[in-house]
Amino acid sequence: MKELKENKFFSPTEKHLSVSDLTELQEKFQILEQKHSQLTVFRSLIEITHIGLFIFQNGELVYKNSWCEKILSATDITSDETSSGNGNANVKTFEEEIYHLATTSNLANREFYLLKNDKRFWISLIADAVEYNGHPAIACILLDITNQKIAEVERESYLEQIFRNQKMDSLHVLARGVAHDFNNILSTILGTNSLIKAEYPQSGQISQLLDNIETYTRKGIELVQNLLAFSQTEKVPKKVFNLNRVIEKAIVTFKNNVPLNIMVHHQLSPELLAVDGNIQQIQQVILILARNSVESISNDKGIITITSGKIDIDDAFCRHFKGFLAPKPGASVFLEVHDTGCGMDKEQVQRMFEPYYTTKEPGRGLILPIAYNFVKSNDGFFEVDSHPERGTSVRIYLPEAKTHPFSDDELLSRLLKDVNTILLADDEEIVQITIKKILQKLNYSVFTADDGEQALQFYKTMHDQIDLVLLDLSMPIMNGEQVLEEIHKMNPAAKVILFSGYDEVEASRRIQSTGGVAGFIEKPSLIDELGKRITKLFSRKEQI
């Protein structure tokens, strides 16, 4: 075989590249190509991700991704942990700030926020030692945790709201418990006073003193009812009532606190439709508006006029209505409070029912929003007409009731009709004694029970003799609800009046179904109406 000549491209002493060598090289090249492709994908991901990446080497910034470019437009950087927060004047740029944080925090996780266009967004910094291009470096990852921070704030706010609600619920329960006890006390005073007046109807000075006791006891009862109305949180029960009577009662209460420079007039429509709503809340609305009128008149002479009337709301009225809340077509009644005070401009009128908005001294501004909520909960709506230096008129519209109202006195008259024997169940001894004496004065036979179990035993043995059961809701052993259920099992037609030191809201909450109940009357009203009956009875006897 002919020998190969030696040249610069080929030496017989060198190894020949075999096919297998070429295959191995090709495979290595493909692996490199694949890794380069993966690196390109990773680099693209790093560039488009919402994660910032800085790499520092020897104190210099050697890499940053595009997300970092976005946050570099932030106008300020603030954190209790940052050097700028500590007043380091050597830190001039955002990159220097990041490097300072990374190198002074033992490579731990740090948080700070950026201000951009007065909007705050939070950043979490994670730093770690890495190798970059064969040399030691520090990699800093920045995460946008703004949504997480917002969620934390919202959670704290939510928990705080829950705490406030729980606190208000506790105060609500406390207020109801105190009101129950006060109602028992005031009921006893009122009932005892009625008994004394019945025994000594013509006692001159003593009679005047008894009248004073009755007047201030009624004020105490009214105060308890007003506190209950203000502390109301759940849906309130409604009853049919005459709006004029509520207005008259509110005016009597209101006039006692009106300065001498202000005159109060009222013009009430004699043919007013009945209203289905909550009496305490509507009375509070009247008092709130009237007191607000007093403040608008201030030290000047002025007039407050309260009127009532009826109106048919039609579609045209609804279309052109520019007041507050949504009007509803149909027969309605209205009450209006007008004053000759300082008046308001359009902006003040629009904002007058906002919480804490007030033109008076700071710390006020919740009274009118309460009135707004009371009107809303009674399915009402209202409009305001006011002009600076020309006074203000606030007109409240309430829907007509479908049935006619009964006062407590009328309700009691119906329930006591054809009644001779009464079973009275109440665990409050002094209240029981007072009611029993009043009923006996009215010539009723009365059996008494100190608790629910005793009341049920009485009814089981003597139900054919008992015409009416007066049943307190709160009693030991068996409460009023349980006794009522057992009585109805024995006699579905039994005539039962529920009464309590709690108001009707609490009674409605505790009695889920009032089927078969002749009526509910609060203790103050019950004893008051019974007391009025014996006073009238003995007054007629004296006249005879």
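As the structure is a prediction and not an experimental result, all values here were calculated from the model.

A word on the pattern of salt bridges
Item 1. Here the structure, examined in full by the defined rule, presents three salt bridges.
Item 2. Note that Lys149 is salt-bridged to Glu152, the shortest N-O span being 3.9 Å. Note that Lys149 and Glu152 are positioned in helix H4 (residues 146-199) at a spacing of three residues, about one turn of the helix.

Some words on the side chain of Gln57
Item 1. Along the chain, Gln57 turns up in strand S1 (residues 51-57).
Item 2. Of the residues examined, Gln57 reaches a relative accessible area of 14% and is grouped as buried.
Item 3. Separated by 2.7 Å, the side chain of Gln57 and the backbone oxygen of Tyr132 make a polar contact.

Some details on the nonpolar core
Item 1. Ranked by size, the top nonpolar core spans 40 residues in total, and within it Leu243, Val384 and Ile396 carry the most contacts.
Item 2. Looking at this core, the elements that each hand over two or more residues are helix H6 (243-255), strand S8 (262-267), helix H7 (279-297), strand S10 (302-313), strand S11 (330-339), helix H10 (367-377), strand S12 (381-387) and strand S13 (391-399).
Item 3. Here this core takes nine residues from H7, the largest share from any one element.
Item 4. Here Val384 is in contact with Phe324, Met344, Val349, Met352, Phe353, Thr392, Ser393 and Val394, once residues within four sequence places are set aside.

Regarding the side chain of Asp451
Item 1. For Asp451, the position within the fold is in the loop between strand S15 (445-449) and helix H13 (452-462).
Item 2. For Asp451, which is buried and forms no salt bridge, the nearest opposite charge comes from Lys460, at a distance of 12 Å.
Item 3. There is a polar contact of 2.8 Å between the side chain of Asp451 and the backbone nitrogen of Gln454.
Item 4. Among all residues touching Asp451, those that are not within four sequence positions of it are Met475, Pro476 and Ile477.

Quick word on the sheet that holds S13
Item 1. Strand order across the open sheet formed by five strands is S8-S10-S11-S13-S12, with mixed pairing between neighbours. Only two strands of the sheet have a single neighbouring strand rather than two, namely S8 and S12. Sheet twist, expressed as the average angle between the axes of neighbouring strands with direction ignored, equals 15°.
Item 2. Set on the sheet, H7 makes contact with S8, S10, S11 and S13; between it and S11 the angle comes to about 30°.

Description of the sheet that holds strand S17 (residues 496-500)
Item 1. Pairing is parallel across the open sheet formed by five strands, whose spatial order is S15-S14-S16-S17-S18. Each edge of the open sheet is held by one strand with a lone partner, namely S15 and strand S18 (519-522). The average angle at which neighbouring strand axes cross in this sheet is 20°, direction not considered.
Item 2. Where strand S14 (residues 421-425) meets strand S16 (residues 468-472), four bridges bridge the pair, whose relative direction is parallel. In the strand pairing of S16, Ala425 is matched with Leu471.

Some remarks on the packing of aromatic side chains
Item 1. Applying the stated criterion across every chain, the model contains 10 aromatic pairs.
Item 2. With 6.0 Å between their ring centres and 20° between their planes, Phe54 and Phe56 make a pair best called stacked.
Item 3. By relative accessible area, which is 0% here, Phe54 ends up buried.
Item 4. What makes Phe56 buried here is its relative accessible area of 3%.
Item 5. Counting every residue linked through ring pairs, the aromatic cluster contains Phe317, Phe321, Phe334, Phe381 and Tyr397.
Item 6. Over the ring of Trp122 we find Lys149, and its NZ or CZ is 4.8 Å from the ring centre.
Item 7. The ring of Phe334 is capped by Arg395, whose NZ or CZ atom sits 3.8 Å from the centre of that ring.

Some thoughts on a negative patch on the surface
Item 1. A contiguous patch of negative charge on the surface is contributed by Asp312, Asp314, Asp315 and Glu400.
Item 2. Topologically, Asp314 is positioned in the loop between S10 and helix H8 (315-320).

A few points about the pairing of S12
Put simply, side chains in a regular strand alternate between the two faces of the sheet.
Item 1. When S12 meets S13, the two strands line up antiparallel, connected through seven bridges. Residue pairing for S13: Phe381 is matched across the bridge by Tyr397.
Item 2. Remark: three residues form the turn of the hairpin made by S12 and S13, two consecutive strands paired antiparallel; Glu389 in that turn has positive phi of roughly 65°.

Details of the packing of H7 against H10
Helix-helix packing is described using two parameters, namely the angle between the two axes and the distance between the axes.
Item 1. Across the interface, H7 lies against H10 with an axial gap of 9 Å and an inter-helix angle of 145°. Here H7 runs over H10; the crossing is left-handed. Residues Gln281, Gln284, Val285, Ile288, Leu289 and Asn292 of H7 lie in contact with H10, whose contacting residues are Ile367, Leu368, Ile370, Ala371, Phe374, Val375 and Ser377.
Item 2. Classifying every residue of the contact of H7 with H10 by side-chain character gives nine nonpolar, four polar and no charged.

Thresholds, definitions, all that
- Residues numbered from 1 in each chain as written.
- Predicted model: local features only at pLDDT ≥ 70, side-chain atom pairs only at ≥ 80, totals over all residues.
- Heavy atoms only, no water.
- Salt bridge = Lys/Arg side-chain N within 4 Å of Asp/Glu carboxyl O.
- Helix = DSSP H or I, 4+ residues; strand = E, 2+ residues; numbered from the N terminus.
- Buried < 20%, exposed > 50% of the residue type's maximum accessible area, 1.4 Å probe, protein only.
- Polar contact = N/O pair within 3.5 Å; in protein donor to acceptor, adjacent residues only side chain to side chain.
- Core = buried A, V, L, I, M, F, W, Y, C linked by side-chain atoms within 4.5 Å.
- Contact = heavy atoms within 4.5 Å.
- Lys, Arg positive; Asp, Glu negative; His and termini not counted.
- Pairing = 2+ DSSP bridges.
- Axes fitted to C-alpha atoms, helices over the stretch in contact; angles between N-to-C directions.
- Phe/Tyr/Trp six-rings, centres within 6.5 Å; stacked < 30°, edge-to-face > 60°.
- Lys NZ or Arg CZ within 6 Å of the ring centre and 35° of its normal.
- Patch = residues over 30% accessible without salt bridge, like charges linked within 9 Å, V, L, I, M, F, W, Y side chains within 5 Å.
- Areas by Shrake-Rupley, 256 points an atom, 1.4 Å probe, with all protein chains shown as cover.
- Charge placed at Lys NZ, Arg CZ, Asp CG, Glu CD.
- Left-handed = near helix turned anticlockwise from the far one by under 90°.
- Nonpolar A, V, L, I, M, F, W, Y, C, P; charged D, E, K, R; others polar.

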